[in-house]
Amino acid sequence: MSTFGQATRKRLEQLRKQGQNVPQIMVEVMEGATIAAVERATELTPPNGSAISGTGTRTGDLAQAWELDSITKPVVSGGNVRTTLANNMLYASYVNDGHRMDKHFVPGLVVNGGMLEKVDPRLGGIMVGTKTPYVQGKYMKQAGIGRYKNVVRLELDKRVKENFK
C-alpha cells in the first residue's frame with residue numbers, strides 16, 4: 001500500500017500527462033480539503049454535546065478558533081501550495097492531546113446542583129484531579145488531517161477518472 005504522498009504524486013503525474021493544469025487543480029483541491037478538515041476538527045471540539053456544563057466552563061471559543069486561525073485559501077509561492085489547519089488557543093494542545101491532572105485545590109470553583117460554578121474564592125473551592133489522574137485527548141487535529149487526506153485522495157481520483165472519459 002502506498003503512502004498518502006506517493007499516491008498524491010502518482011495522481012498529479014497522471015493529470016500532468018493528461019495535459020491538465022496541475023497547479024490550479026492543487027489549489028482547488030487543497031482549498032476544499034482544508035475546509036473539510038476545519039469542519040471535522042470543529043465538529044470534534046468541545047462543546048459538542050458533552051456532559052460537562054456550568055458557568056464559564058464551555059464558551060465555544062476553542063471550536064471557533066479552528067476557523068479563525070486556519071488558512072483555507074491556498075498560498076502559492078514558487079512551486080509550493082500551502083494551506084494551514086491551526087488552532088492558536090493556549091489550551092488547544094491540552095484538549096487535543098490530553099493531559100495529566102495533578103490533585104490540587106481550585107479556589108472559587110464549586111459544584112452547585114451538579115454544575116460547576118465560579119464563586120468568590122473566599123466562599124471555598126473544590127479539589128480536582130482526585131478521580132481522574134489523566135484526561136484523554138479529543139484528537140481533533142488528527143481527525144481533521146485524516147479528513148483532509150481523504151478529500152484530496154477522492155478529489156484527485158475523481159479528476160483523473162473524468163479525464164479518461
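Residues numbered from 1 in each chain as written. Predicted model: local features only at pLDDT ≥ 70, side-chain atom pairs only at ≥ 80, totals over all residues. Heavy atoms only, no water.

A separate point is the side chain of Thr45. With respect to the element layout, Thr45 can be found in the loop between helix 2 (22–44) and helix 3 (61–69). A distance of 2.6 Å separates the side chain of Thr45 from the backbone oxygen of Ala41, its partner in a polar contact. Side chain to side chain, Thr45 and Trp66 meet in a polar contact 2.8 Å long. If we skip the residues at most four places from it in the chain, Thr45 touches Leu62, Ala63, Trp66 and Met140. (Helix = DSSP H or I, 4+ residues; strand = E, 2+ residues; numbered from the N terminus. Polar contact = N/O pair within 3.5 Å; in protein donor to acceptor, adjacent residues only side chain to side chain. Contact = heavy atoms within 4.5 Å.)

With the rule as written, the count across this model stands at eight salt bridges. The closest approach of N and O atoms between Arg159 and Glu28, which form a salt bridge, is 3.0 Å. Taken together, the positions of Arg159 in helix 5 (residues 140–164) and Glu28 in helix 2 put the pair 131 residues apart, joining distant regions of the chain. Glu28 sits in the partly exposed class, given a relative accessible area of 37%. With a closest N to O distance of 3.6 Å, Glu155 and Arg159 form a salt bridge. Here the residue Glu155 and the residue Arg159 both occupy positions in helix 5, the gap between them amounting to four residues, near one helical turn. We classify Glu155 as partly exposed; its relative accessible area is 23%. Classification of Arg159 as buried rests on a relative accessible area of 19%. Here the salt bridges share partners, and the residues they tie into one network are Glu28, Glu155, Lys158 and Arg159. (Salt bridge = Lys/Arg side-chain N within 4 Å of Asp/Glu carboxyl O. Buried < 20%, exposed > 50% of the residue type's maximum accessible area, 1.4 Å probe, protein only.)

Turning our eyes to something else, we now look at a nonpolar patch on the surface. Residues Leu90, Tyr91 and Tyr94 make up a contiguous nonpolar surface patch of roughly 390 Å² in combined accessible area. By secondary structure assignment, the location of Tyr91 is in the loop between strand 2 (80–84) and helix 4 (92–97). (Patch = residues over 30% accessible without salt bridge, like charges linked within 9 Å, V, L, I, M, F, W, Y side chains within 5 Å. Areas by Shrake-Rupley, 256 points an atom, 1.4 Å probe, with all protein chains shown as cover.)

As a further point, take the side chain of Asn96. By secondary structure assignment, the location of Asn96 is in helix 4. When its relative accessible area of 4% is taken as the criterion, Asn96 is described as buried. Side-chain polar atoms of Asn96 contact the side chain of Gln142, separated by 3.1 Å. Not counting residues within four places of it along the chain, the set of residues in contact with Asn96 comprises Gly137, Lys138, Tyr139, Met140, Lys141 and Gln142.

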